[in-house]
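Structural overview
What follows is each chain in one-letter form.
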Amino acid sequence: MQANYRDVAAGGVFIAIAGLFALGTLDLRIGTALRMGPGYFPLVLAGVLALIGAIILIKAIGRPSASFGEVSWRGSALILIAPIVFGLTVRWLGLAPSVALAVLIASFASRRSTVKLAVILTLTLTVFCVVVFQKMLGVPIPIFAGPLDSLNAVVAPVFALFGV
Amino acid sequence: MDIVTELFSNLSLGFGTAALPVNIGFCFLGVLLGTLIGVLPGIGPTATIAMLLPITFNFEPATSLIMLAGIYYGAQYGGSTTAILINLPGESSSAVTAIDGYQMARQGRAGPALATAALGSFFAGSVATILIALFAPPLTEIALKFGPAEYFSLMMLGLVASVALASGSVLKALGMVVIGLLLGLVGSDVNTGAQRFTMGFLELADGLNFVALAVGVFGIAEILRNLENESDREVMVKKVTNLWPSKEDFKAMIAPTLRGTALGSVLGILPGGGAVLSSFAAYTVEKRISKTPERFGKGAIEGVAAPESANNAGAQTSFIPMLTLGIPANPVMALMIGAMIIQGIQPGPNVATEKPELFWGLIASMWIGNLMLVLLNLPLIGLWVRLLTVPYTMLFPAIVAFCCIGVYSVNSNAFDLYAVAAFGLLGYVLVKLDCEPAPLLLGFVLGPMLEENLRRAMTISRGDPTVFVTRPLSATLLLIAVAVLVITFLPAVRAKRDEVFQEEA
């Protein structure tokens, strides 16, 4: 069957999201138009969204198909993992190690990245972020934390040397 | 007091605030950053403002808004530089500038093209600043008379207009608005305290983090899109000489600049309008009324002057609905509203009366910022040319790092970073399916307000839904919304709409 699969997928995603929100209203009180419960407005919206999704889906059938274009699977995965790793490590290890990890992971997302470039980027960006965000803008995240706490004493004189 | 004296006293109050050294400094920082991200590939004002939003918490409210605003209109200037010099728009609002601007550059007239863009933008920015000062107070007066029914209808109109003016499929844009509205409802229900869609996560009780959503959808998803095919940028013009336009150039650009400014100012006020639509529409108009339309696409100076003045005028007047009604016209304005809420200011008509120094200071700072931008962009053009070729491979790890730190510093919560990854993925999938993310963010900001006003209006009317059509102001707004929606679906209008957005092809 011929169809514009891009639109079919869009309609499908809309219907799926509508379904999830509709499921979520099951344990909420719907209420009446006069006394709307917490579930009233979302349920109406979910209905509208499902309707829009269905129309998009039906209109897509019979249309010439459109390609999804290229996707950089490895790159996308690495970029999405980077913030998660940052979130997992920032409280445990501190700002410097978590930024370094996030940058290192992200640098390998490009098809053109090399180990040398990744290492240079990691080092410069980590120093830059610590100086700008922690020292100059006063973001309240310790440079090192937890098991690496003792390293703060090591870097403090270096920062003092440059007056930050 | 007559209007002129009032305008002058307001503006002098504004310049008094904007000229404070700290505000001048952060205004400069804002426009500098704006130009920078306009020039650099793969990062736009929405993502930048979202990342920097949390860091402005410690600033005075006026200072923070002045800087964030500077990023937005500064990006319009930087975007035109890349459009002219390397045929790649740094910002989507400069996409049409690339058509004739790049041709001018190829003919060795990069200098005049850049000067035309900067001077046109400055003129448009100055006019738009005065327009905001003139129109904001009366609109505020009207807005103060609004009840819940009027607010509900006004927001409906805003959402519908943002759908009508978005590029691409109307149905998909509508769907994106609804998804945004639904996402905005996640968290505790204000009226009953019931937990909605939190799936048991305590972190979601206060709702989804607005910064995480914006950073994910506009920052991370954009990186994923750029990774699809990486290519180097080639700069043909290594050195820009002869910046100043000739006498003939000046003559040729006056009328298009005036028309572009007028068109941009009007379109900027409309929800979903702002800079992008303004520039496309201005280019189309110039081509249509030109006696020599065949010159367009081959280096016509009108094709640079009109869209560049229009996008700057539109960027600026889109502040009007945000400042007077508390309703965002585009994603950047949604972020500005977020910035106000974080600073403890209730956006809406009360801002002008309760915080006049913030209100007028922001307006005055725009003129100062525009002046700085002309100085930044013309004499320093050599510096920006060098930055044009920074390879993307080196840029996006920095964007990722800034996104992480920015989001985490909102409320020191690791959960928000997982949300960034989730929204990055969702945003990318939706972009892949031709769904524009801008209406989603507007819906997200308006969702809770829309529900709140709907419930309040229904309670006041004792469950009578006709309240929205029996109150004249509300009925008018809804009528306009329905009309806009119907018109958008008319076949003739749809064809025209597609045409406007396809100029770049």
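This structure is a prediction, so every number in the text was calculated from the model and none was measured.

Thresholds applied
- Residues numbered from 1 in each chain as written.
- Chains lettered and ligands numbered in written order.
- Predicted model: local features only at pLDDT ≥ 70, side-chain atom pairs only at ≥ 80, totals over all residues.
- Heavy atoms only, no water.
- Patch = residues over 30% accessible without salt bridge, like charges linked within 9 Å, V, L, I, M, F, W, Y side chains within 5 Å.
- Areas by Shrake-Rupley, 256 points an atom, 1.4 Å probe, with all protein chains shown as cover.
- Salt bridge = Lys/Arg side-chain N within 4 Å of Asp/Glu carboxyl O.
- Helix = DSSP H or I, 4+ residues; strand = E, 2+ residues; numbered from the N terminus.
- UniProt positions renumbered as here; feature names shortened; annotations may be inferred.
- Contact = heavy atoms within 4.5 Å.
- Buried area = accessible area lost by both parts, 1.4 Å probe.
- Polar contact = N/O pair within 3.5 Å; in protein donor to acceptor, adjacent residues only side chain to side chain.
- Nonpolar A, V, L, I, M, F, W, Y, C, P; charged D, E, K, R; others polar.
- Phe/Tyr/Trp six-rings, centres within 6.5 Å; stacked < 30°, edge-to-face > 60°.
- Buried < 20%, exposed > 50% of the residue type's maximum accessible area, 1.4 Å probe, protein only.
- Disulfide = S-S within 2.5 Å.
- Axes fitted to C-alpha atoms, helices over the stretch in contact; angles between N-to-C directions.
- Left-handed = near helix turned anticlockwise from the far one by under 90°.

**Topic: a nonpolar patch on the surface**
Residue and element names in this part refer to chain B. Among the surface-exposed residues, Ile-3, Val-4, Phe-8, Ile-130, Leu-134 and Phe-135 lie close enough to one another that they form a single nonpolar patch of about 620 Å² accessible area. Going through the elements one at a time, helix 1 (3-18) and helix 6 (110-144) are the ones with two or more residues in the nonpolar patch. Mapped onto the elements of the fold, Leu-134 is located in helix 6.

**A closer look at unusual backbone geometry**
In this structure, B:Ser412 is a non-glycine residue whose phi angle is positive, near 45 degrees. Along the polypeptide, B:Ser412 turns up in the loop between helix 18 (392-411) and helix 19 (415-432).

**Comments concerning the UniProt feature "domain: DUF1468" (unreviewed entry) in chain A**
Sequence positions flagged by UniProt for "domain: DUF1468" (unreviewed entry) are, in local numbering, residues 9-142 of chain A. Between the first and last C-alpha atoms of residues 9-142 of chain A the distance is 45 Å; the span itself is 69% helix and 0% strand.

**Re the interface of chain A and chain B**
Chain A puts 63 residues into the contact, and the matching count from chain B is 65 residues. Contact between chain A and chain B buries roughly 5500 Å² in total, counting both sides, with carbon and sulfur atoms accounting for 78%. Area buried by chain A at its contact with chain B is led by A:Phe21, A:Phe41 and A:Arg112, which between them contribute 12% of it. The interface formed by chain A and chain B includes two salt bridges. Here chain A is connected to chain B by 10 residue pairs in polar contact (both at pLDDT 80 or more). The element that contributes the greatest number of residues to the side of chain A that touches chain B is helix 3 (residues 73-93) of chain A, accounting for 12 residues. Grouping the constituent residues of the side of chain A that touches chain B by class yields 44 nonpolar, 11 polar and eight charged.

**A few points about the UniProt feature "transmembrane region" (unreviewed entry) in chain A**
All names here are of chain A. As recorded in UniProt, the feature "transmembrane region" (unreviewed entry) lies at residues 12-28, 40-58, 78-105, 117-137 and 143-162. End C-alpha atoms of residues 78-105 are separated by 6 Å, and the span's content is 96% helix alongside 0% strand. Secondary structure across residues 117-137 comprises 95% helix and 0% strand; the distance between its end C-alpha atoms is 27 Å.

**Re the packing of aromatic side chains**
According to the stated counting rule, one finds 16 aromatic pairs over all chains in the structure shown. Taken together, a centroid distance of 4.8 Å and an interplanar angle of 70 degrees make the contact between A:Phe21 and B:Phe197 edge-to-face. Note that A:Phe21 is positioned in helix 1 (residues 5-24) and B:Phe197 in the loop between strand 2 (195-196) and helix 9 (210-226), a pairing that runs across two chains. Of the residues examined, A:Phe21 reaches a relative accessible area of 9% and is grouped as buried. Aromatic rings pair up to connect A:Phe128, A:Phe133 and B:Phe402 into one cluster.

**Considering the environment of B:Glu60**
Position of B:Glu60 relative to the elements: it lies in the loop between helix 3 (45-52) and helix 4 (61-86). Remark: the alpha-carbon pair of B:Glu60 and B:Gln343, spanning 283 residues in sequence, is separated by 8.3 Å.

**Concerning the state of the cysteines**
Residue and element names in this part refer to chain B. All chains considered together, the criterion is met by zero disulfides over all chains. Summary of cysteine pairing: Cys-404 is not part of a disulfide, and the nearest cysteine sulfur, belonging to Cys-403, is at 6.8 Å. Since its relative accessible area comes to 2%, Cys-404 is described here as buried.

**Considering the packing of helix 5 (residues 115-136) of chain A against helix 18 of chain B**
Two elements in contact, helix 5 of chain A and helix 18 of chain B, have axes whose closest approach is 10 Å; the angle formed by their N-to-C orientations is 35 degrees. Two packed elements cross with a definite hand, and for helix 5 of chain A against helix 18 of chain B that hand is right-handed. Seen from helix 5 of chain A, the contacting residues are A:Leu117, A:Leu121, A:Leu125, A:Phe128, A:Cys129 and A:Phe133; seen from helix 18 of chain B, they are B:Thr393, B:Met394, B:Pro397, B:Ala398, B:Ala401, B:Phe402 and B:Ile405. A breakdown of the residues in the contact of helix 5 of chain A with helix 18 of chain B according to their chemical character gives 12 nonpolar, one polar and no charged.

**A few points about the environment of A:Cys129**
Within the element layout of this structure, A:Cys129 appears in helix 5. Here A:Cys129 falls in the buried class, since its relative accessible area comes to 0%. Between the C-alpha atoms of A:Cys129 and A:Val99, which are 30 residues apart in sequence, the distance is 7.8 Å. Aside from chain neighbours lying at most four places away, what touches A:Cys129 is A:Val99, A:Gln134, B:Ala401, B:Phe402 and B:Ile405.

**Focus on the pattern of salt bridges**
Residue and element names in this part refer to chain B. The final tally for this structure, using the stated rule, is 13 salt bridges over all chains. Across the pair Glu-451 and Arg-196 runs a salt bridge, and its minimum N-O distance is 2.8 Å. Pair noted here: Glu-451 is in helix 20 (residues 438-460) and Arg-196 is in strand 2, with a separation of 255 residues, a long-range link. Across the pair, Arg-196 and Glu-451 agree in class, each one buried. Close ionic contact of Glu-302 with Arg-295 constitutes a salt bridge, the shortest N to O distance being 2.9 Å. Residues joined in a network through salt bridges with shared partners are Asp-189, Arg-196, Glu-451 and Arg-455.

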